[in-house]
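Notes for the structure review
Chain by chain, the residues:
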Amino acid sequence: MSLEHSPDPRLVQLKQWLSALPGNPVNVDSIRPASSDASFRRYFRVDADSASGSDADATLIVMDAPPPQEDVRPFVHVAQLFGEAGVSVPRILAQDVDNGFLLLSDLGATTYLNELNHDTAHKLYLDAIEALVLIQSQSRPDVLPEYDRALLLRELTLFPDWYIGKHLGVTLNDKQTAELNKVFDALLANNLAQPQVYVHRDYHSRNLMVMQKGNPGILDFQDAVYGPITYDLVSLLRDAYIQWDEEMVLDWAIRYWELAKRAGLPVNSDIDAFYKDFEFMGVQRHLKVLGIFARLFHRDGKDAYLKDLPLVMEYTRKVAARYKELMPLVRLLDQLEEKAPQVGYTF
């Protein structure tokens, strides 16, 4: 895809910034799209300029995060924080914070999602778990924003507002609203009682890059917070874009729990209680994701995420059906989808 004649004022401004960088580190004419995400940010790949002393085959990444919709300062802050923890994140080579431009080292083009299969999954997930424990081991309060009740609740309300209200076109009655709020209270009580650590907040197969050294490369961490210890683990293992057998998920969760304990992290010492924390955190995240995916479609015109809704709903139903406190959610979903209640067991 050529950008040569693109009527794009941000791109023109970006090229001017790159051209003015000391030492001419890049070949500006080589710029091409790398990726975009669910926000206003865009990423471009650009060749390093061999005349500046760089490897002729090296590429770099340019982030375009247009103010006022985006702010690159959290990305810069978390990149330093996670880099100091010893994990692989992009190095910031140049920055224009006011205009929302960053020049970054390139962690490659191979995401976990590209490479994951039954032969590769175990090694890739163990690498990701080890990196997660490294990040969490450096956690300190008052460094990242708090993942507090207000933020968790704001995320949960995306589900009734966007998934139920906009996507399904349903207005809940007073009884249904009260039942859903009771489920929210149960989730929040569990989530807020969990030990607090650094939370990436989108630690999954599209934001982890396969690398020969220092695997995985970690991207898209600008929304990191200080919050519940199981959040990133459930993002990783109950991924909206790829599904694994329950037995495999349980095995990886136990391996994380054992590694975290050895690292001195404050995970629940009882594995059953830890796994309940993991499951409740998962339902919170899945309800949020259902709302976000619906919002991306109905507000932003991005329909690519609609195909991922059924898997996220499957996770939500399966877990909610296992716990008495969450069963009202299953009944509500049955009413919304006009399905008969499913037979199952709760404990």
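Thresholds applied
- Residues numbered from 1 in each chain as written.
- Predicted model: local features only at pLDDT ≥ 70, side-chain atom pairs only at ≥ 80, totals over all residues.
- Heavy atoms only, no water.
- Phe/Tyr/Trp six-rings, centres within 6.5 Å; stacked < 30°, edge-to-face > 60°.
- Lys NZ or Arg CZ within 6 Å of the ring centre and 35° of its normal.
- Helix = DSSP H or I, 4+ residues; strand = E, 2+ residues; numbered from the N terminus.
- Pairing = 2+ DSSP bridges.
- 1 Å grid on protein atoms, 1.4 Å probe; cavity = no way out; pocket = protein on both sides within 12 Å on 5 of 7 lines; lining within 4 Å.
- Points joined across faces, edges and corners; volume = space filled by probe spheres on them.
- Nonpolar A, V, L, I, M, F, W, Y, C, P; charged D, E, K, R; others polar.
- Core = buried A, V, L, I, M, F, W, Y, C linked by side-chain atoms within 4.5 Å.
- Buried < 20%, exposed > 50% of the residue type's maximum accessible area, 1.4 Å probe, protein only.
- Contact = heavy atoms within 4.5 Å.

1. Quick word on the packing of aromatic side chains
Here the structure, examined in full by the defined rule, presents 14 aromatic pairs. Above the ring of tryptophan 162, the side-chain terminus of lysine 166 is found at 5.9 Å from the ring centroid. In this structure, arginine 201 packs its charged tip against the face of tyrosine 147, placed 5.1 Å from the ring centre.

2. What to know about unusual backbone geometry
Here the amide bond leading from proline 67 into proline 68 is cis, since omega sits at 0°, within 30 degrees of zero. In this model, asparagine 215 is joined to proline 216 through a cis peptide bond whose omega is -5°. Checked against the element boundaries, proline 216 lands in the loop between β7 (208–209) and β8 (217–218). We note that aspartate 142 has phi near 65°; this positive angle belongs to a residue other than glycine. When you line up the elements, aspartate 142 lands in the loop between α4 (121–137) and α5 (149–156). Within the chain, aspartate 220 stands out as a residue other than glycine whose phi angle is a positive 60°. Among the structural elements, aspartate 220 can be located in the loop between β8 and β9 (225–228).

3. Section: the pairing of strand β4 (residues 92–96)
Strand direction decides the pairing type here: β4 and strand β5 (residues 101–105), joined by four bridges, are antiparallel. Along β5, the bridge assignment pairs glutamine 95 with leucine 102. In this structure, the hairpin formed by β4 and β5 is closed by a connection of four residues, where glycine 100 is found at a positive phi of approximately 80°.

4. Description of empty space enclosed by the protein
For the coordinates displayed, the defined rule picks out one cavity of 30 Å³ or more. Residue lining of the largest cavity: Arg238, Asp239, Ala240, Arg285, His286, Val289, Val312 and Tyr315, and that is the complete set. Elements with a contribution of two residues or more to the lining of the largest cavity: α10 (271–298) and α11 (309–320). Counting residues per element, the lining of the largest cavity draws most heavily on α10, at three residues. Among the residues making up the lining of the largest cavity, the classes are represented as four nonpolar, one polar and three charged.

5. Digging into the nonpolar core
In terms of nonpolar packing, the biggest core is built from 95 residues, with Phe82 and Tyr256 touching the most fellow members. In terms of residue count, α10 provides more of this core than any other element does, twelve residues in total. Leaving out residues up to four positions away in the same chain, phenylalanine 82 has contacts with Val87, Val89, Ile135, Tyr198, His200, Phe221 and Ala224.

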